[in-house]
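Overview (structure and organization)
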Amino acid sequence: MKRIITSLICLLMFASFAFATGQGDGTSAAKGGEVEVLHWWTSGGEAAAVAVLKQLLEAEGYTWKDFAVAGGGGDNAMTVLKSRALAGNPPAAAQVKGPQIQLWGDEGVLTNLNDVAKAEDWDNLLPKVVADVMKYKGNYVAVPVNVHRINWMWCNPAVFKKAGATIPKTWEEFEAAAKKIKAAGLIPVAWGGQPWQEATVFEIIVAGVGGTDFYKKALVDADVNTLKSATMVKVFKTLRMVLQYIDPGAPNRDWNLATSMVINGEAGMQFMGDWAKGEFTAAKKAPDKDYIAATAPQTSKQFIFNIDSFIMFNVADKDKNAQKAMARLIVQPKFQEVFNINKGSIPVRLGMSEEPFDIPARLAMKDFVATSKSGDLVPSMAHEMAVMPDIKGAMVDTVTNFCNSDMSAEDAAAQLASAVAAVK
Ligand code: BGC
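What counts, and where the lines are drawn
Residues numbered from 1 in each chain as written. Predicted model: local features only at pLDDT ≥ 70, side-chain atom pairs only at ≥ 80, totals over all residues. Heavy atoms only, no water. Disulfide = S-S within 2.5 Å. Axes fitted to C-alpha atoms, helices over the stretch in contact; angles between N-to-C directions. Helix = DSSP H or I, 4+ residues; strand = E, 2+ residues; numbered from the N terminus. Parallel < 35°, antiparallel > 145°, perpendicular 65-115°, else oblique. Contact = heavy atoms within 4.5 Å. Nonpolar A, V, L, I, M, F, W, Y, C, P; charged D, E, K, R; others polar. Near = heavy atom within 4 Å. Polar contact = N/O pair within 3.5 Å; in protein donor to acceptor, adjacent residues only side chain to side chain. Areas by Shrake-Rupley, 256 points an atom, 1.4 Å probe, with all protein chains shown as cover. Domains from an automatic or database assignment. Left-handed = near helix turned anticlockwise from the far one by under 90°.

This part is about the state of the cysteines. This model, assessed by the stated rule, comprises zero disulfides. Of the cysteine sulfurs around C155, a residue in no disulfide, the closest is that of C403, at 20 Å.

Written as structure tokens, this is what we have:
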């Protein structure tokens, strides 16, 4: 933990120095100023979603400079962001989430957005838990975009029908369905063998097999005894069982290619956050007809959340208005509606009508409210919401090692606990 923070501090000290000396002052073409926006939204659904923000900004006379770094889950984007900061040239806005916002805030390189927040009434329009994450020492330094739910299972009903299988509600039922789909000559699970995707399925199993309290102790508190417990062994056993039903093409497959396998009927299901729904929408597929959006086994009463947000860096005066316009537009209803319909997520702004949204989004909206009352609303570990990057790294590495070897569930739980203990 300390190591990572120290390297970030060194990097940012250099960045602030370089910026103060003027090297970070990018050129902006339009009169209204420019925003350079670092994000990793490059799939069909994601690109359609982010295009909305570009259009809204351009309609106000600002210039959008796209800085897209491909790579699901954002690992590549974060590496590029650090090197841009190191070069003294951070973009105006960057897709950064959860506790990491505090690390950037510590360096004093972020823009204070309180004036926009006050004028737009963010304190009343955002859920308090969300607003708190966007603030550094009580000041807004980030803007939330949406709420994604992680614990989904995207199913192709034609595949299930062909195999005579039913949509599973438990991991036992999953195994029964997967066997049938395999016997019918189809791929049960569309799997993307990349660390962040493996970690996504892992946390879904942690929630389902262990329950909410176990999830919180394991993946939010990173409690070492919980990580090596018998329940965690059961989680890894379940993960091993699921891995029996993936295809040989899985290693390093991008998440959206896995979604395509469900869309085109090659595979029965995919476990993924609801950005996958953006791909179904972009392919003009309708829920409950062309695809079924079901909560992942044993998690119907839970909501693993993942909130996208942008941090804003200090920029030259001529681009300040453009940057603040971006912050303002993101929380306004127009963006919240159109962006989230394309993205597969739900609005982060309170009080939005559910009318324009599809059935899975309405279910997510209802469950977001219900789980925030019941205590079953939990942050995603795999998507940077729950723990600091070094702990997340230790967890994800262990899960990946497990998925790509014949490690036993017992050894995996022990390794998870010791890897986390080493960085805590
Ligand atoms: C982000 C989503 C994105 C997904 C796939 C997640 O971490 O929150 O916005 O669509 O990664 O890249």
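Turning our eyes to something else, we now look at the packing of helix α2 (residues 44-59) against helix α15 (residues 275-282). In contact at an axis separation of 7 Å, α2 and α15 are set at 90° when each is read in the N-to-C sense. Considered as vectors, α2 and α15 are oriented roughly perpendicular to each other. The residues of α15 that touch α2, namely those facing G44, G45 and E46, are G278, E279 and A282. Classifying every residue of the contact of α2 with α15 by side-chain character gives one nonpolar, three polar and two charged.

As a matter of local geometry, the ligand sits amid 15 residues, with E46, N306, D308, K343 and H383 nearest to it. G73 places a polar main-chain atom, nitrogen or oxygen, 3.0 Å from an oxygen atom of the ligand. Within the side chain of D308, one N or O atom sits 2.7 Å away from an oxygen atom of the ligand. For the ligand, whose unbound accessible area comes to 310 Å², protein coverage reaches 100%. Looking at the shell around the ligand residue by residue, the class counts come to five nonpolar, six polar and four charged. Of the residues that make up the shell around the ligand, three or more belong to each of domain 1 (23-147 + 306-374) and domain 2 (149-305 + 379-423).

Below, the discussion takes up the packing of helix α13 (residues 230-243) against helix α19 (residues 389-403). For the pair α13 and α19, interaxial distance at closest approach is 11 Å and the crossing angle is 45°. The angle between α13 and α19 places the two elements in the oblique class. Between α13 and α19 lies a crossing of right-handed hand. Note on element contacts: α19 touches α13 through V399, F402 and C403, opposite F236, L239, R240 and L243. Residues belonging to the contact of α13 with α19 are distributed by class as follows: six nonpolar, no polar and one charged.

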